[in-house]
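The primary structure of each chain is shown beneath.
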Amino acid sequence: MSNINGKVYAMNAITPMKPWKSWVLRVIFFALGEFPALQQDLINLSFIEFARWVSVPRRKFPYLAHGQAKEDLRYDYLLFFSNFNGTWNQYIDAFSAVLASGLNLIWRWSEKFPGSMPVTLFKEYIARVQFDTDYYYTAYPHATANDLKSAHVVQASFESLSAQAGNYTPEEFAEAFLGFVLQVQAHLGETGEAPVVF
Amino acid sequence: MPNQNGSVYGLTILSPILDDEKASPSHDLQIRLYLSTLPTGANSPFAKSPGTHLCRLVVMDDVVYVGAPSIEEHLQSKYLVFECNLDATGEEGLEAYLRGLAEHMPDHLDAIWSHCVGYPGAADVQAFIRYMKACQVETTFFFAAVNNKSVTESLRALQTQRAVADFIASSQGMEASRLQAKFVEFAAKLKAEPLPKPGSMGPKRDIKSGGRNE
């Protein structure tokens, strides 16, 4: 079992919701999807590589026959999967500090959700509903979400300069190269082994 | 479509695990034992199957009881959760990805999913795809920090970022015509370099900073 691979942490959580409340949540997620401006806080939390919420209605758990017993549930369930950089405590603290109202909007429909502030009760709740990852793979374990975003900035600038490099006079190239350095200098952070986490 | 964010697809699969009292160890434990031996780096089977950004496999034993006054209830089956962030557009893209899994890692798929109800095996690719789609649940909301780049493009960009940093450091104060010649040579060399293997940590370098992250 490992929730961690390189610089990324896999978090899984499941919370029960009364069926009528899960429809409210679906409307909220629909609005969030339709109006990307509402996702700005999530984007600003730039240590999340991928995250998803999956609302599973009580009668929609996969049923394949072959002797499988049908589920008989009273609640719908909200599954949450996140791939983030940093430690569990850093993540939950930042989530609570930056996204408090957004988190409340999503999880207030789950049973016994205490609210994302104060953070102590929020952490207790997340710890209770979290379950561990058995296998975790990432194609780029040495990179964070910010590394990836920066790398694509560097790649775009580099391709632009290298396409023109042969056509410039040396003086023109020196000027273009200086412009390139200015464009990418904030995006050259070191990737590699993650720091030791205690 | 909520499963899709740009060119990245958020696949969520819940496969019911066989419940057999006579099985020893139990099927869920056999899955966990196998997963604990599976490499997670460049030798991961998912590294050999194209298009996987990040993925996880999780045995979900039960739902969680959060305390009174909510009702305590339990699942009839344990589920194997496969959460995957992959390069694909639409259902055709998903099917191509699943076909890739069946072709590149059939033994691993069989070793894991043979403990699940109704699994047909990876040898029959169409049946495998049908099975995985029967176990799929729709993602309600999917967020991707970078949603318009493939795994290959991201690995290439990380390689470029590292090389460019070194080049800039080594070319400080260089005379213009020499700088231009060196850059053209550097760009051609970088373009010809093989792509870093998915799942690898990249070339070993001395860590210049860092330390304990409390």
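Below, the structure is looked at part by part. Quick caveat: nothing in here was measured; it's all calculated off a predicted structure.

**Digging into unusual backbone geometry**
Most peptide bonds take the trans configuration, and most residues that are not glycine carry a negative phi.
Here's step 1: Cis geometry marks the peptide bond from Met117 of chain A to Pro118 of chain A; its omega dihedral reads 0°.
Here's step 2: Secondary-structure assignment places Pro118 of chain A in the loop between α4 (100–107) and α5 (119–129).
Here's step 3: The linkage connecting Ser24 of chain B with the following residue, Pro25 of chain B, adopts the cis geometry, with an omega of -5°.
Here's step 4: Of note, His66 of chain A is a non-glycine position whose phi angle comes to about 50°, a positive value.
Here's step 5: Among the secondary structure elements, His66 of chain A is positioned in the loop between β3 (48–56) and β4 (76–85).
Here's step 6: Accessibility expressed as a relative area gives 61% for His66 of chain A, which makes it exposed.
Here's step 7: Residues other than glycine seldom take positive phi values, yet Lys112 of chain A does so here, at roughly 65°.
Here's step 8: Structurally, Lys112 of chain A can be placed in the loop between α4 and α5.
Here's step 9: The class of Lys112 of chain A is partly exposed, set by a relative accessible area of 41%.

**Overview of the packing of aromatic side chains**
For any two aromatic rings, the description comes down to two numbers: the centre-to-centre distance and the angle of the planes.
Residues and elements named next belong to chain A.
Here's step 1: Within the structure shown, the criterion is met by 35 aromatic pairs over all chains.
Here's step 2: With a centroid separation of 6.4 Å and an interplanar angle of 85°, the aromatic rings of Tyr75 and Tyr77 are classed as edge-to-face. Side by side, Tyr75 and Tyr77 carry an identical accessibility label, which is buried.
Here's step 3: When the ring centre of Trp23 is taken as origin, the NZ or CZ atom of Arg26, which lies over that ring, is 5.4 Å away.

**Structural notes on the pairing of β3 of chain A**
Here's step 1: Counted residue by residue, β3 of chain A has 9 buried out of 9 residues, so it is predominantly covered.
Here's step 2: Bridge count for β3 of chain A against β4 of chain A is 8 bridges, and the pairing is antiparallel. The residue bridging Ala51 of chain A from the neighbouring strand is Ser82 of chain A, located in β4 of chain A.
Here's step 3: Where β3 of chain A meets strand β5 (residues 141–144) of chain B, 4 bridges bridge the pair, whose relative direction is antiparallel. Its bridge partner lying in β5 of chain B, Ala51 of chain A is registered against Phe143 of chain B.

Rules used throughout
Residues numbered from 1 in each chain as written. Chains lettered and ligands numbered in written order. Predicted model: local features only at pLDDT ≥ 70, side-chain atom pairs only at ≥ 80, totals over all residues. Heavy atoms only, no water. Helix = DSSP H or I, 4+ residues; strand = E, 2+ residues; numbered from the N terminus. Buried < 20%, exposed > 50% of the residue type's maximum accessible area, 1.4 Å probe, protein only. Phe/Tyr/Trp six-rings, centres within 6.5 Å; stacked < 30°, edge-to-face > 60°. Lys NZ or Arg CZ within 6 Å of the ring centre and 35° of its normal. Pairing = 2+ DSSP bridges.

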